[in-house]
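Tertiary structure, described
This is what each chain is made of:
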Amino acid sequence: MIGIATNTAAVDVVWRNLMGAVPDAVIVSDASGQIVYVNTAVTRFFGYQPTDLLGQPVEILVPRTVRGQHKSHRAAYHSEPRRRFMGFGSDLRAVRADGSEFPVAISLGYTTSPSGNLVIAIVQDLSDLRERDRSIENLTQRMVRDTKLEEVNKELEAFSFSVSHDLRAPLRVVDGFSQVLKEDYFDKLDDYGRDCINRIRTAAQRMGQLIDDLLNLSRITRSDMVTTDVDLSAMTREIVEMMMAAYPDQKVELAIEEGMVAHGDARLLRIALENLLSNAWKFSSGQPTARIEIGRSKSTRGETYFVRDNGAGFDMAYADKLFGAFQRMHNAQAFPGTGIGLATVQRIINRHSGRVWATSEINKGATFYFTLFQEAGNGIQYNPTG
Amino acid sequence: MTKPSELTLVMVDDNADEIFLTRRQVRQDGIVNNFVSERKPERLIEALGELSKAGIDKNKVLILLDINMPRANGFEALGVLRAHPQYKDIPVIMLSASDDEADMFEAFDLGANGYVVKPFKSDEFFAALSNIPSVKHQLVQ
Ligand SMILES: Nc1ncnc2c1ncn2[C@@H]1O[C@H](COP(=O)(O)OP(=O)(O)OP(=O)(O)O)[C@@H](O)[C@H]1O
Ligand SMILES: [Mg+2]
């Protein structure tokens, strides 16, 4: 395809062929600012047919707000023509036939012809470039943010580890001396005094449990990862056997998908599966027959593993709370626990650059999903750790 | 465990509460009756010397050594003891606030004979003692 020129004296055939192949928009105007030539790229850039533009003032391609300015620049340019490049740094914009604007860079050239002086403008569309700039900037920002987040997390982790650790000693004093009181002075106390001591002891022991949970959680994050191929199906069967022994009275129908092999840290993945399965068992213990399914689904983004039960379920309004330490949706009478299980699972999955989430409906069971080492869908792969 | 053993337990810990509670516990549960405490780990050898002077047989001494003490680390005290010509064979159980495997391995590398995490239950302590041949036969079941 070849551009259209009205002034054959000014534009020869070779030049027109050449212009047709140029990827940028080329616009030639005369001393009065009228367009005398455009190449075919102009249609793609501006949405005008070449014939729509010929004879029009070049300002038709300039945003309305700067048209006046453009006219005076043009006059100045004609009085002192030289080659100029305008663009990348500055915020030049052009306007399409439909009124939309886009960022451009413009090179200006000047030539004489039998029919007078001509200005040649070569226009580059910077939309893609700007878009790319933005996504690079976004990505950079995200990486900076995640790196900072990771640092903060590490610090927090170290902090919570040492605090939990240091809390043990004073707690031991509370626990130990309240026991001394109980052993040596119980018969000297009235019921109220005894009740107080019992409460102190119960609370101290609960606090001890919480501290141990926190320390274990922090150990999950601090331990070194050793990744191998892990047979999740076999691992699930082993854990299931343990669960059966722990809940001998619970009737469970099981479905375990075969051949689920994943890459990861076997020790950590076992802890994650143990927590998910023990939840499945626990929260379906009210069913006459519990149904627990462990499987995977494949998608373009990799494999998603799931653990499904038909138990008590939970309210999806709290779905994002579930994974916080000590967050529980059920009361301790019906379903005992401290609420550290899913926080542990999340850390383990995070360490595998995966994602974990859940869907549920009250009394209709719950499904917990997770992925491991998930690859980003596009070319840019970016896996924050932490 | 009705009759306590003839062993003398030397507990090295900078925390007086910890010493009080441990002394009470091991006596109450009849593991040992003779209990000596030392709050400065760098004084361990001196304390053992005092025991010798008081006529206590060093073959009937057992040390319970806290790992995490602020000034001198318990590991250092263990190192000093194991290099001492006279007392190097006294059994030592390390007492730790953490069940960190690295600490545990280091303790055994440095020549500890046992490792317990505080607060410990008496049967855990008893089990640690039973694992030391020279101590086992002195325990009263
Ligand atoms: N399979 C499930 N069905 C319904 N609710 C669940 C299920 N798994 C977890 N939950 C909800 O999420 C909460 C947090 O789970 P998490 O495993 O962290 O704690 P827990 O099981 O209560 O205690 P822990 O695991 O520390 O013994 C649970 O208390 C429960 O409310
Ligand atoms: Mg749980």
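Residues numbered from 1 in each chain as written. Chains lettered and ligands numbered in written order. Predicted model: local features only at pLDDT ≥ 70, side-chain atom pairs only at ≥ 80, totals over all residues. Heavy atoms only, no water.

Take the overall build of chain B next. Helices and strands together make up the secondary structure of chain B, namely six helices and five strands. Going from N to C terminus, chain B has its helices and strands arranged as β-α-β-α-β-α-β-α-β-α-α. Counting over 141 residues, chain B shows a buried share of 48%. If you take every contact in chain B between residues at least 6 apart in sequence, the share linking residues at least 24 apart comes to 64%. As displayed, chain B offers around 6,900 Å² of accessible surface, 50% of which is attributable to carbon and sulfur atoms. (Helix = DSSP H or I, 4+ residues; strand = E, 2+ residues; numbered from the N terminus. Buried < 20%, exposed > 50% of the residue type's maximum accessible area, 1.4 Å probe, protein only. Contact = heavy atoms within 4.5 Å. Areas by Shrake-Rupley, 256 points an atom, 1.4 Å probe, with all protein chains shown as cover.)

Right, let's talk about the overall build of chain A for a bit. Assigned secondary structure in chain A consists of nine helices and 14 strands. In chain A, which comprises 386 residues, the proportion classed as buried is 39%. The long-range fraction of contacts in chain A, counting pairs at least 24 apart against all pairs at least 6 apart in sequence, stands at 59%. Looking at chain A as shown, the accessible area adds up to about 21,700 Å², and 54% of this sits on carbon and sulfur atoms.

The omega torsion of the bond from Lys 118 of chain B to Pro 119 of chain B falls at 0°, within 30 degrees of zero and hence cis. Notably, Phe 326 of chain A is not glycine yet its phi reads approximately 65°, a positive angle. Assignment of secondary structure puts Phe 326 of chain A in the loop between strand E12 (302-309) and helix H9 (341-351). On the accessibility criterion, Phe 326 of chain A (30% relative accessible area) is partly exposed. The phi dihedral of Asn 363 of chain A is positive, around 65°, even though this residue is not glycine.

This paragraph deals with the sheet that holds E12 of chain A. Paired through backbone hydrogen bonds, the strands of a sheet run either parallel or antiparallel to each other. Residue and element names in this part refer to chain A. Read from one edge of the open sheet, five strands run E9-E11-E12-E14-E13, paired in mixed fashion. The sheet is open, and its two borders are formed by strand E9 (252-256) and strand E13 (356-360), each paired with just one other strand. Recorded for the sheet is a direction-independent mean angle of 20° between the axes of neighbouring strands. By the bridge criterion, five bridges tie E12 to strand E14 (residues 366-370) in an arrangement that is antiparallel. The residue bridging Asp 309 from the neighbouring strand is Ala 366, located in E14. (Pairing = 2+ DSSP bridges. Axes fitted to C-alpha atoms, helices over the stretch in contact; angles between N-to-C directions.)

With that settled, consider the pairing of strand E4 (residues 92-96) of chain B. Residue and element names in this part refer to chain B. E4 sits mainly inside the fold: five of its five residues count as buried. Here E4 shows no split at all, with Val 92, Met 94 and Ser 96 on one side and Ile 93 and Leu 95 on the other all buried. Of the strand pairs in this sheet, strand E3 (residues 61-66) and E4 are connected by four bridges, and their pairing is parallel. Following the sheet pairing, Asp 66 is matched in E4 by Leu 95. With four bridges joining them, E4 and strand E5 (residues 114-117) adopt parallel strand pairing. Across the sheet, residue Ile 93 finds its bridge partner in E5, namely Gly 114. Tracing the backbone out of E4, into helix H4 (residues 101-109) and back to the parallel element E5 gives a crossover that is right-handed. (Right-handed = clockwise from strand over helix to strand, strands pointing away.)

Bringing the sheet that holds strand E2 (residues 32-38) of chain B into the picture now. All names here are of chain B. Strands sit in the order E2-E1-E3-E4-E5 across an open sheet of five strands; the sheet is parallel. A single partner strand is all that each edge strand has here, and the edge strands are E2 and E5. Strand-to-strand, the axes of this sheet are offset by a mean angle of 25°, without reference to chain direction. Strands E4 and E5 of the sheet are contacted by H4, whose axis makes an angle of about 150° with E5. In the packing of helix H5 (residues 122-130) onto the sheet, contacts are made with strand E1 (5-12), E3, E4 and E5, and the angle to E5 comes to roughly 170°.

So, about the packing of helix H2 (residues 44-53) of chain B against helix H3 (residues 74-82) of chain B. Residue and element names in this part refer to chain B. Where H2 contacts H3, the axes come no closer than 10 Å and their chain directions differ by 50°. One element, H2, and the other, H3, form an angle in the oblique class. For the pair H2 and H3, contact is made by Leu 44, Ile 45 and Leu 48 and by Ala 77, Val 80 and Leu 81, respectively. Among the residues making up the contact of H2 with H3, the classes are represented as six nonpolar, no polar and no charged. (Parallel < 35°, antiparallel > 145°, perpendicular 65-115°, else oblique. Nonpolar A, V, L, I, M, F, W, Y, C, P; charged D, E, K, R; others polar.)

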